[in-house]
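Observations on the three-dimensional arrangement
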Amino acid sequence: MSEFENQHADAAMISAEIARMLVALGIDWTDETRMRALAREALSFHGMDSFGHLDPEDVTGRSKQRLFGLIALMLRTMEEGAEVGELIHGSDIWKALAKALWTEKNAVSSK
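Here the structure is a predicted model, which is why all the values come from computation and not from measurement. For every chain, the first residue of the written sequence is number 1, and numbering continues from 1 along that sequence. With pLDDT at 70 or above as the cut-off, local features in this predicted model cover only qualifying residues; side-chain atom pairs require 80 or more to be listed or tallied, and sums for whole chains, interfaces and linings still use all residues. Only hydrogens and water are set aside when side-chain values are computed; all heavy atoms of the structure are taken into account.

Brief notes about the overall build of the protein chain
Runs of E in the DSSP output that reach at least two residues are strands. Runs of H or I that reach at least four are helices, and both are numbered from the N terminus. Looking only at helices and strands, the protein chain features five helices and zero strands. Listed N to C, the secondary structure of the protein chain is α-α-α-α-α in terms of helices and strands. Once local pairs closer than 6 in sequence are excluded, the contacts in the protein chain between residues at least 24 apart make up 68%. Approximately 6900 Å² of the protein chain is accessible, and the part contributed by carbon and sulfur atoms is 57%. Note on contacts: a residue pair qualifies if any of its non-hydrogen atoms lie within 4.5 Å across the two residues. Using a 1.4 Å probe, accessible areas were evaluated by the Shrake-Rupley method; residue-level cover was limited to the displayed protein chains.

Below, the structure written as structure tokens:
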């Protein structure tokens, strides 16, 4: 089914939304330390159970929840592209987040 989708357009939309969530969280995507901390948190996220019930006023919690969902979409979009032999990536923000995720994943694997 992925051959009928436009993963490049999806990547652009996901990148834009990731940028919005980083702004909402006050995270500068060029700050590698903050991005790695966010990546660590995202990698340990276990769906709705990780947040429990969120207060409607909890902007940070809701922004993180949305961002972690976007990260899952980002990874799935890249995976679907790979399945049809396409390299899919978004903006520089997407790449910085992907780099932080891989760095943190590798750091955990090497322990």
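With respect to helix H1 (residues 7-25)
Expected span of a helix, by definition, is 1.5 Å for each gap between consecutive residues, and there is one gap fewer than residues. The first and last C-alpha atoms of H1 sit 26 Å apart over 19 residues, in line with the 27 Å expected at 1.5 Å per residue. Think of it in three bands: with a 1.4 Å probe and only protein chains considered, a residue is buried below 20% of the maximum accessible area for its type, exposed above 50%, and partly exposed in between. Taken as a whole, H1 has its buried residues at Gln7, Ala11, Ile14, Ser15, Glu17, Ile18, Met21, Leu22 and Leu25. Its buried side turned inward, H1 meets helix H2 (32-43), helix H4 (59-83) and helix H5 (92-109). Of the residues trailing H1, Gly26 is marked for its positive phi of about 70°.

Side note on the pattern of salt bridges
The working definition used for a salt bridge is a side-chain nitrogen of Lys or Arg within 4 Å of a carboxyl oxygen of Asp or Glu. In this structure the tally under the stated criterion is nine salt bridges. When the shortest N-O distance is used, the salt bridge between Arg20 and Glu17 registers 2.7 Å. With Arg20 and Glu17 both in helix H1 and three residues apart, this pair spans about one turn of that helix. The exposure class assigned to Arg20 is partly exposed, which follows from its relative accessible area of 48%.

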